[in-house]
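Tertiary structure, described
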Amino acid sequence: MIWNCPLCNSELVIYDSCLKCSNNHSFDIARQGYVNLLPVQKKHSKNPGDSQMMIQARNRFLQQGFYEPLAQAISEMIDDYFSEITESDQPLTGLDLGGGDGYFSSYLNQHQGTEKSNGKVTWWLSDISKEAVKLAAKRFPKTQTAVANSLDLPVVNQSVDCIFQAFAPASDSESDRVLSERGIWIRVYPGTQHLQEMRSIIFKDAQPHKPWPDPEGFERLAEKQLNFSLRVESEQNKQDLLAMTPMYWRSRPEDQTLWLHSQNHDVTANFVITCFKRHD
C-alpha cells in the first residue's frame, strides 16, 4: 500500500470496506474499487480535473490503439533503466501521476517484466478527476487507483520506484518526496510538431508546443523524441482527438468545424519522453 492519509499523513491500511489510518480517519472503497483521497476541504472546485466529455473522448480515442507506439516507447525506457539496477524478480512500484483513465499504466502492467526487464513494476494510479478514476479502476486491482491531487500527494515517503507523468501537472518537491532512492521519473509532453496539421487548421497563428523545463533537483538520464503518423479518418475520431486536448477550449466552434470537415486525415504525433533521477 502506497497511500497515506490526506488529513494527517499517516499510512493507510485496508480495514473491511475502507482504508483507515492510525488516527481513525477512514476512506470508503468505492464499488468500482477506487478510493477517494481528495477531501472536500482540499478541493478547489466542485468537479476538479478534466471534464466528462474530455475523459470520454480520450478513452474512446486511446482504446483504438492510436497512441500504442508511445506506450511501447515508454515501456522500453523503463525496462532499459531497471534492467541495469535491479536484481532478478525484485518487485518495483510505479505511480501513474494524473493518469486519467489508466490507458498507459494498464499497458505497462501488461508489458513490463519481459525477458529484457529484471523487475516487474506494479502500477498504481492517481488523478484529480473522479470520473477518470472510475474508468481507470476497471483496469486495476482493488484500492490501486485513487482520486488525489498530484501537487499534494497522499503517498508514503520514498514508496515509489517509478513515477510516470504524461501531459499532467506535477510537483517537483512531491515527486522528490515519494521517490525511492533508486527511483526514476518518466515524463511525456508534446513535441514541437505534435498535431501540427490540426493546429494549423484551427489556429491561423498556430504556435509550436514549448518544451517542459527540467524538474528542480533532478538530472536527466535519457530523452527520446518519438514521431509517428496518425490516420484519423472518421469524424468521430477527429472530434475525439480535438476534445481530448486543450485546443478544444481555446478554439472557436467555426474553426473546429473546419477541422472536422477537412480532407486532411494524416496527423503528426510528436512526443518527448524523458527520464530523470535525483541529483547525487
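Okay, so let's go over this structure. (Residues numbered from 1 in each chain as written. Predicted model: local features only at pLDDT ≥ 70, side-chain atom pairs only at ≥ 80, totals over all residues. Heavy atoms only, no water.)

**Focus: the sheet that holds strand β8 (residues 160-166)**
Here is the rule: Following DSSP output, two strands are said to pair if at least two bridges run between them. Here a strand is any run of E in DSSP of at least two residues, a helix any run of H or I of at least four, and the numbering for each starts at the N terminus. A contact between two residues is defined here by any heavy atoms of the two lying within 4.5 Å. Think of each axis as a best-fit line through the C-alpha atoms, taken over the contacting stretch in the case of a helix, with angles from 0 to 180 degrees between the N-to-C directions.
Judged by pairing direction, the sheet is mixed, and its 8 strands sit side by side in the order β4-β7-β6-β5-β8-β9-β11-β10 without closing on themselves. Either end of the sheet is taken by a strand with one partner, and the two such strands are β4 (35-36) and β10 (218-231). The sheet contact formed by strand β9 (residues 179-190) and strand β11 (residues 266-278) spans 6 bridges and is antiparallel. In the strand pairing of β11, Val188 is matched with Ile273. Contacts from helix α4 (residues 130-137) reach β4, β6 (121-127) and β7 (145-147), with the element oriented near 170° to β7.

**Notes on the layout of surface pockets**
Let me state the cut-off plainly: With a 1 Å grid spanning the protein atoms alone, the term cavity applies to any set of points in which a 1.4 Å probe fits but cannot get out, the term pocket to an open set with protein on both sides within 12 Å along at least five of seven lines, and the term lining residue to any residue with an atom within 4 Å of a point. Grid points are joined across faces, edges and corners, and a volume is the space filled by probe spheres set on the points. In the scheme used here, Gly and all other residues not listed as nonpolar or charged are polar, with Ala, Val, Leu, Ile, Met, Phe, Trp, Tyr, Cys and Pro taken as nonpolar and Asp, Glu, Lys and Arg as charged.
The volume enclosed by the largest pocket comes to roughly 1,100 Å³. Taken together, 43 residues form the lining of the largest pocket, with Arg58, Phe167, Ala168, Met244 and Pro246 sitting closest to its centre. Every element with two or more residues in the lining of the largest pocket is listed here: α1 (52-63), α3 (103-111), β6, β8 and α8 (247-250). At 4 residues, α1 tops the list of elements feeding residues into the lining of the largest pocket. Residue composition of the lining of the largest pocket, grouped by class: 23 nonpolar, 12 polar and 8 charged.

**Digging into the pattern of salt bridges**
Let me state the cut-off plainly: Whenever a carboxyl oxygen of Asp or Glu lies within 4 Å of a side-chain nitrogen of Lys or Arg, that contact is scored as a salt bridge.
Throughout the structure, instances matching the rule amount to 12 salt bridges. Between Arg220 and Asp214 there is a salt bridge, with its nearest N and O atoms 2.4 Å apart. We note a salt bridge from Glu223 to Arg220, for which the minimum N-O separation is 2.0 Å. Bridged by salt links that share partners, the residues Asp214, Arg220 and Glu223 form one connected network.

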